[in-house]
Amino acid sequence: MKKLTYSLSAALLALTIIPWQASTASAEEAVAPVTPFTTEITVQTEANFTNAATVDTFIKQAVRNHVSVINMTVKQDSDVNGSSGYAFYNSELVKEATGFTEFDALADVIEEAHQYGIKVNAVVPQFQDKAAIDKNSSWQMRTINDKGRFSAYTGNNGSTYYVNPFEPDVQTYERSIIKEVVTNYNVDGVVLSGLDFDTDRVDMNNSTRNAFQSDNGFDPDTIDFTKSNSNKLNTWNTWKAEQLAAYVQNVNEDIATIKPDLALGVFTVSPTLTGTSQDISLFKDSVDFILPIADFQTLGYSADWVYSNNGILKATEAKLATTTPNAKTTTEEKTAITVIPSLNIELNTADVQNIYNGMRTNTPTVTSVNYAVKGQWTDAMFSNVGVRNTY
């Protein structure tokens, strides 16, 4: 297991570079100090880095507002303009996204950020990938309806392009992109996103169905997806979770052969959600850090769900403590996996303070937070990041 280590935080750097932003509170006003959470941000490249000037402006904002790590997408996901999979760096494997054929965003961001001690992790969206489907249409993910009819799966919005994550050629393709980035760029880590499903009904490609039937003795098209928690459905979801975990292990091994000390992370969903086919306990030995997506508002929870005994961080910690069947026993002390909750930057002050105070009390091993934005980071969002460094 590689150990994840962060350098001096951008908070200290900001005070050094821009001293007039330091606090002017008097000694009489001082209260018992608390250690600020280290702040990371996730950035959708095409909405924020369009040329060298936008990179320069963005990085200076990050420094001013105490950002220590930038998690930057290196190829398109599907949240900005419905297209996905095309590169934001100089790739020999996949076409560059529109506007990036002459602009290597990844190289520029790394150069600028590293000048200020800010780390850059390459976020590699995995299975939302129109570029891969353009390469081979048979790779597209397929689903099944209640009448047993198969069709291409295009997500809840009907316009997202997914590839089949269980297809060996798809895995080889996606892994090759990760290897290309790790080989050619001085990234500080790699983060996988999209390693979960929003429906039980995928993937229904012939190759997946045949592989599953070979392992389990029945075709997944015989599952009644209208009935939750059936034995067949549970077998199906467990098998898929195992395949995803094996994929993460393969990615970890790929990276280790190129840069053994490079950290690997994964965006994860709450273990309490059903039907995602994601089981953190199965791939925890292959990663150094995870970013649980703590979007409590979308799920209809209150802010304390993030840190409460029934919330995402406690459920995640429980998965990390789980011993997987047939796990290799060792007397060596395992390196702890860093847990970095991913929050919405547009949360109100009360919710953020509640979450921060709750994490300090109930999940004290959590020392970093990540803020994610769909689309462009605005000046107001950066200001929120800076202010929250004082909470």
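Parameters and conventions
- Residues numbered from 1 in each chain as written.
- Predicted model: local features only at pLDDT ≥ 70, side-chain atom pairs only at ≥ 80, totals over all residues.
- Heavy atoms only, no water.
- Buried < 20%, exposed > 50% of the residue type's maximum accessible area, 1.4 Å probe, protein only.
- Helix = DSSP H or I, 4+ residues; strand = E, 2+ residues; numbered from the N terminus.
- Contact = heavy atoms within 4.5 Å.
- Phe/Tyr/Trp six-rings, centres within 6.5 Å; stacked < 30°, edge-to-face > 60°.
- Axes fitted to C-alpha atoms, helices over the stretch in contact; angles between N-to-C directions.
- Left-handed = near helix turned anticlockwise from the far one by under 90°.
- Nonpolar A, V, L, I, M, F, W, Y, C, P; charged D, E, K, R; others polar.

Looking at an unreviewed UniProt entry, the chain carries the name Family 10 glycosylhydrolase, with the source organism given as Paenibacillus kyungheensis.

(A) Structural view of helix H12 (residues 379-388). Among all positions in H12, only Met-381, Phe-382, Val-385, Gly-386 and Arg-388 are buried. For H12, the secondary structure elements touched by its buried residues are strand S1 (38-43), helix H3 (52-64), strand S2 (67-73), strand S10 (342-344), helix H11 (349-362) and strand S11 (368-372).

(B) How the structure looks around the packing of aromatic side chains. Applying the stated criterion to the full structure yields 18 aromatic pairs. Both rings, one in Tyr-153 and one in Tyr-162, keep their centres 5.4 Å apart while their planes meet at 35°; by these two values the pair is tilted. In this pair, the class of Tyr-153 matches that of Tyr-162, namely buried. Centroid distance Phe-166 to Phe-197: 5.8 Å. Interplanar angle 40°. Geometry classified as tilted. Taken together, the residues Phe-166 in the loop between strand S5 (150-152) and helix H6 (168-184) and Phe-197 in the loop between strand S6 (189-193) and helix H7 (206-216) connect sequence positions 31 residues apart.

(C) Structural context of the packing of H3 against helix H4 (residues 105-115). Closest axis-to-axis distance for the H3/H4 pair is 10 Å, and the angle between their directions is 35°. For the element pair H3 and H4, the recorded crossing hand is right-handed. Residue-level inspection shows Ala-52, Val-55, Asp-56 and Ile-59 of H3 in contact with H4, the latter providing Asp-108, Val-109, Glu-112 and Ala-113. By residue class, the composition of the contact of H3 with H4 is 5 nonpolar, no polar and 3 charged.

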